[in-house]
Amino acid sequence: PVAIQREDYAPPAYWIDTVDLCFDLDPAKTRVLNRMKMRRNPEVAAQPLRLDGDELNLARVLVNGQGAAFRMEGSQLVIDGLPDDFELEIFTTCCPAKNTKLMGLFVSQNTFFTQCEAEGFRRITYFLDRPDVMASYIVTLRADKAAYPVLLSNGNLVEEGELPEGRHFAKWVDPFKKPAYLFALVAGKLVAREQRIKARNGREHLLQVYVRAGDLDKTEHAMNSLIHSVLWDEARFGLPLDLDRFMIVATSDFNMGAMENKGLNIFNTKYVLASQATATDADYANIESVVGHEYFHNWSGDRVTCRDWFQLSLKEGLTVFRDQEFSMDLCAEPSARAVKRIEDVRVLRTAQFPEDAGPMAHPVRPDSYIEISNFYTVTIYEKGAEVVRMMQTLVGREGFARGMTLYFERHDGQAVTCDDFAQAIADANPDSELARRLPQFKRWYSQAGTPRLAATGHYDAEARTYTLAFSQSCPPTPGQSVKEPFVIPVALGLLGADGRALPLQLEGAAQPAGESLTLVLHEAEQRFTFTGVDEAPVPSILRGFSAPVVLQFDYTREQLLALLAHDTDPFNRWEAAQRLALGAALAAIGDDTRAPDAPVLDEALIAAMREVLRHPTLDAAFKELVLSLPSEVYIAEQLDVVDPQRVHRVREAMRTQLATALFAEWQQAYEDNKDTGAYRPEPVSAGRRALAGMALANLCIAARESGDTVWPGKTLQRFKDASNMTDRFNALTALVVAGHPLAAQALARFHAMFKDEALVIDKWFGLQASAPDRDGDVLPLVKQLTRHADFSIKNPNRARSVIFSYCNANPGAFHRLDAAGYVWWSDRVIELDEINPQVAARLARALDRWSKLAEPYRSAAREAIARVAARPGLSKDTLEVVSRALA
Ligand code: HT7
Ligand code: ZN
């Protein structure tokens, strides 16, 4: 397969002004009549028209109503000798029932859905399937009325009626031009929750959430999230809803989370359906943020879209930033905002940092790809959001809002680039550090890899100065051996020995800053001196995680304990605990003489954790985060050579130690937080449920060690009595994680209770596949789960719940000395590749970091990847991933 290069971008040779599509929907053979008004792009040298197609049956091609000569070049339909303006009519058929790739037009539970981003529209009809070709769409859907009573597409319903033989039709007109990737249709037996709202600007809208009949009672939260999203975007950025009707439709077969088709968002059921009996607090929070994310795309993605797919982060990074801000702004308490920020950083560091250090590392704006679906990554999304966040830090919140206004004014209705976005934010803030250093700032778009920011502090007691010296570097990544310095905003404060914030007077600055200030680094090495510093301070650097870098500062344990006890910046307070726990883990992992049951955490750290757990004013969600140990993946990332079993054993030892040493505190935390009253999925009570769940898990682990049966018994009772899924699932998890014999009956009961709730059964599978390994028992269990009557590898959610949970979320069970986990992984990648290459390629990434593994894991992992790569007929999706891994 050939790699597409960003540098090769050329504008299209033809434009499509209007598209009139008529579908005769039939699962076995859907007929698609596509009539386009097209014209030559006068700015491009004359050339044949090349239309993209994929797995289509072509029946007819007419140019201006006449049969036309055409030829096929690979999958492209090529027509020569076209006039400057013409009408092109193409008639094709396709088979949605056999579409297991879930791209283009497919059937799920007797309902038709589409997925066109990035290149799915070409599986529906021949087209200029690229985001810079924007057209007006008129869509007519025809189908059997009894089987498909609801017929939906983008925009407004302008006509509907009956047809002979029990069929009916609906005609939709989208008032906005759009690229093909935003096209959508849905047809099936669906019901809708409806809400009419009046926006701040007075315009009325109809909001609809479509689901299968039995699920209507689980749509209230999605609808509320949508209403909040509409109001928030108007209030925060002045961006109103531009449609009379905005629809969300849920499907249980979907490759990703959701899709922002104009006016007709299609969602994975996982991000729509919630009731207190079936969804956890995390599910509720995810629904809020994904509904927000897709809605915010209506401007950042739909009104202003990407010129080409290399610019994907233009819409995805910006929209993740917007959904993160949305979720934070919905938090009533400032502490809940901080918790959300910590959670977002945790995702970045455990998923994006490894990506940036591995074979799939790529810049936020990549330079080349073989299969664009492989680039819907945490780098494009989460790191892209951090780049936008740094822009906001550099221009201020109001300045950023001004920049957004300018961006949408300048580019409404256009397909643009990441440069255009950064330019608009800078132009709206000409006196900002961003505007001053824009070309350098944009290295965040062009250079891959996570920068290392090394800092040292020097206190001069005589001169009463404190000097911070910074040096930045960035490791090489595939295709980029040398990196230039980045612009790095570093928010910081200084603490005195008693925890007080020290005043900040930067040498050379006219005014003292408050308790926190932001330095803007731009050179490889820079020093900053603070004057009037009366004591050796503890520096709190990179507050709020002000840049996506690895901060290397040689904190003493005492300094970290001081930050954990006193920092007013919640992020760095949490970070101090993470550093302490990480330091202990790394020391134990590196100690070859360590006895298997030797303690890992020292008394001072346990005492500090005890303080946090007992703290009278800290909120529960924050406590839960501080008490959460760094994940095995995060610990492994800090090592040059990883023995996954050793990492697993050390982390388990830490967990057991925290569970037993803080037994009394866990009991208290459980008693204090177990009753949260009538269920409300908001951050404060969710935090209390999370802490109660963590306490229960620790109490069950401690009970395992002591032989106590009281807490496991109480946990089983809690599992049975719970009035919401969060409490029930936390209790079940506590029994499973502790490996208690009562887990088996709880799991059986859970399955029986929820056998008809697919999303809950996904949890049931996922929990077992991610359970801690005891003597290699998880792989046989996972194999057994794939033979369970409820398992289907064709359903992406179910495949993820078993296969991904095992391969990606259970390193202690996956990395086996006998390599059986890797062999099983390679079999599943190969099996999935024939069904759904996108899902297969995601799974193929589970061994991205193979070259860091210690022997014998390293050789065995390489062999398993090579086995996949050698498979004849592999999709380009999977081939790109495994080839990069082996390169
Ligand atoms: N923009 C959406 C991307 C998406 C997608 C991409 C490839 C294959 C299937 C897909 N489904 C949705 C999702 C989003 O970021 O909002
Ligand atoms: Zn998105």
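About the cut-offs
- Residues numbered from 1 in each chain as written.
- Chains lettered and ligands numbered in written order.
- Predicted model: local features only at pLDDT ≥ 70, side-chain atom pairs only at ≥ 80, totals over all residues.
- UniProt positions renumbered as here; feature names shortened; annotations may be inferred.
- Buried ≥ 20, exposed ≤ 12 C-beta atoms within 10 Å, placed from the backbone.
- Helix = DSSP H or I, 4+ residues; strand = E, 2+ residues; numbered from the N terminus.
- Pairing = 2+ DSSP bridges.
- Near = placed C-beta within 6 Å.
- Nonpolar A, V, L, I, M, F, W, Y, C, P; charged D, E, K, R; others polar.
- Domains from an automatic or database assignment.
- Axes fitted to C-alpha atoms, helices over the stretch in contact; angles between N-to-C directions.
- Left-handed = near helix turned anticlockwise from the far one by under 90°.
- Contact = placed C-beta atoms within 7 Å.
- Expected span 1.5 Å × (residues − 1).
- pLDDT = per-residue confidence, 0-100.
- Core = buried A, V, L, I, M, F, W, Y, C linked by C-beta atoms within 7 Å.

- Per an unreviewed UniProt entry, the protein carries the name Aminopeptidase N and comes from Pseudacidovorax intermedius.
- According to UniProt, the comment filed for the protein under the heading Cofactor (unreviewed entry) is "Zn(2+)".

### Focus: the pairing of strand β11 (residues 111-115)
Looking along a regular strand, one sees side chains alternate from face to face of the sheet.
Here is step 1: For β11, the tally of buried residues reaches 5 of 5 residues, placing the bulk of the element in the interior.
Here is step 2: Burial along β11 is two-sided: the face carrying Thr111, Phe113 and Gln115 and the face carrying Phe112 and Thr114 are both buried.
Here is step 3: One ladder, built from 5 bridges, connects strand β10 (residues 104-108) with β11; its direction is antiparallel. Counterpart to glycine 104 in the pairing with β11 is glutamine 115.
Here is step 4: Taking the residues between adjacent antiparallel strands as the criterion, β10 and β11 are bridged by 2 residues, where glutamine 109 takes a positive phi near 45°.

### Details of the sheet that holds strand β19 (residues 204-211)
Here is step 1: Spatial ordering of the open sheet is given by β18-β19-β20-β22-β21, a layout of 5 strands whose pairing is mixed. Of all the strands in the sheet, just β18 (191-198) and β21 (258-259) have a single pairing partner and so form its edges.
Here is step 2: Summarising the sheet, strand β20 (residues 245-251) and strand β22 (residues 264-268) pair through 5 bridges and their orientation is parallel. Paired with alanine 250 across the two strands is phenylalanine 267, which belongs to β22.

### Thoughts on the site of ligand 1
Here is step 1: Residues in close proximity to ligand 1 total 15 residues, the closest being Glu117, Asn255, Met256, Met259 and Ser373.
Here is step 2: Sorting the residues of the shell around ligand 1 by element identifies β21 and α2 (281-296) as the ones contributing at least two each.
Here is step 3: Residues belonging to the shell around ligand 1 are distributed by class as follows: 5 nonpolar, 6 polar and 4 charged.
Here is step 4: The residue makeup of the shell around ligand 1 includes at least three contributed by each of domain 1 (1-189) and domain 2 (305-446).

### Some thoughts on the packing of helix α17 (residues 683-706) against helix α18 (residues 710-721)
Here is step 1: Orientation of α17 relative to α18, taken along the N-to-C sense of each, is 145°, at an axis distance of 8 Å. Of the two elements, α17 crosses α18, and the hand of that crossing is left-handed. Within the contact between the two elements, α17 uses Leu696, Leu699, Cys700 and Ala703 and α18 uses Trp711, Pro712, Thr715 and Arg718.
Here is step 2: Its residues placed into classes, the contact of α17 with α18 shows 6 nonpolar, 1 polar and 1 charged.

### A short note on helix α15 (residues 644-661)
Here is step 1: With 18 residues, α15 should cover 26 Å at 1.5 Å per step; its first-to-last C-alpha distance of 26 Å lies within 8% of that length.
Here is step 2: Every buried residue of α15 is accounted for by Pro644, Val647, His648, Val650, Arg651, Met654, Gln657, Leu658, Ala659 and Ala661.
Here is step 3: Residues of α15 that are buried sit in contact with α11 (570-590), α12 (603-614), α14 (632-637), α17, α24 (811-814) and α27 (857-869).

### Topic: the confidence of the model for the protein
Here is step 1: Scored by pLDDT, the protein has a mean of 98; 100% of the residues are at 70 or more.
Here is step 2: Scored by ipTM, the complex comes to 0.98, with pTM at 0.99.

### Re the environment of tyrosine 670
Here is step 1: Residue position: tyrosine 670 is located in helix α16 (residues 663-673).
Here is step 2: Taking the C-alpha atoms as reference points, tyrosine 670 and glutamate 162, separated by 508 residues in sequence, lie 61 Å from one another.

### Here we look at the UniProt feature "domain: Peptidase M1 membrane alanine aminopeptidase" (unreviewed entry) in the protein
Here is step 1: Sequence positions flagged by UniProt for "domain: Peptidase M1 membrane alanine aminopeptidase" (unreviewed entry) are, in local numbering, residues 222-429.
Here is step 2: End C-alpha atoms of residues 222-429 are separated by 36 Å, and the span's content is 56% helix alongside 10% strand.

### Focus: the nonpolar core
Here is step 1: Counting 266 residues, the largest nonpolar core has Val186, Val249, Val272, Ile425, Cys700, Leu735 and Leu843 as its most contacted members.
Here is step 2: The biggest single contributor to this core is α17, with 13 residues.
Here is step 3: Those residues in contact with valine 272 that lie beyond four places of it in its chain are Val209, Val211, Thr219, Ala222, Ile248, Ala250, Phe267 and Ile287.

### Quick word on helix α19 (residues 725-738)
Here is step 1: Taking 1.5 Å per residue as the helical rise, α19 with its 14 residues ought to reach 20 Å, and the 20 Å between its terminal C-alpha atoms agrees with that figure.
Here is step 2: Counting buried positions along α19 gives 14 out of 14 residues, so the element sits mostly inside the fold.
Here is step 3: Looking at the residues trailing α19, positive phi occurs at glycine 739, about 70°.

### Structural notes on the environment of alanine 864
Here is step 1: Topologically, alanine 864 is positioned in helix α27.
Here is step 2: Distance in space between the C-alpha atoms of alanine 864 and alanine 819 is 8.8 Å, their sequence separation being 45 residues.
Here is step 3: Excluding residues within four positions of it along the chain, alanine 864 makes contact with Tyr822, Val823, Trp825, Ser826 and Leu847.

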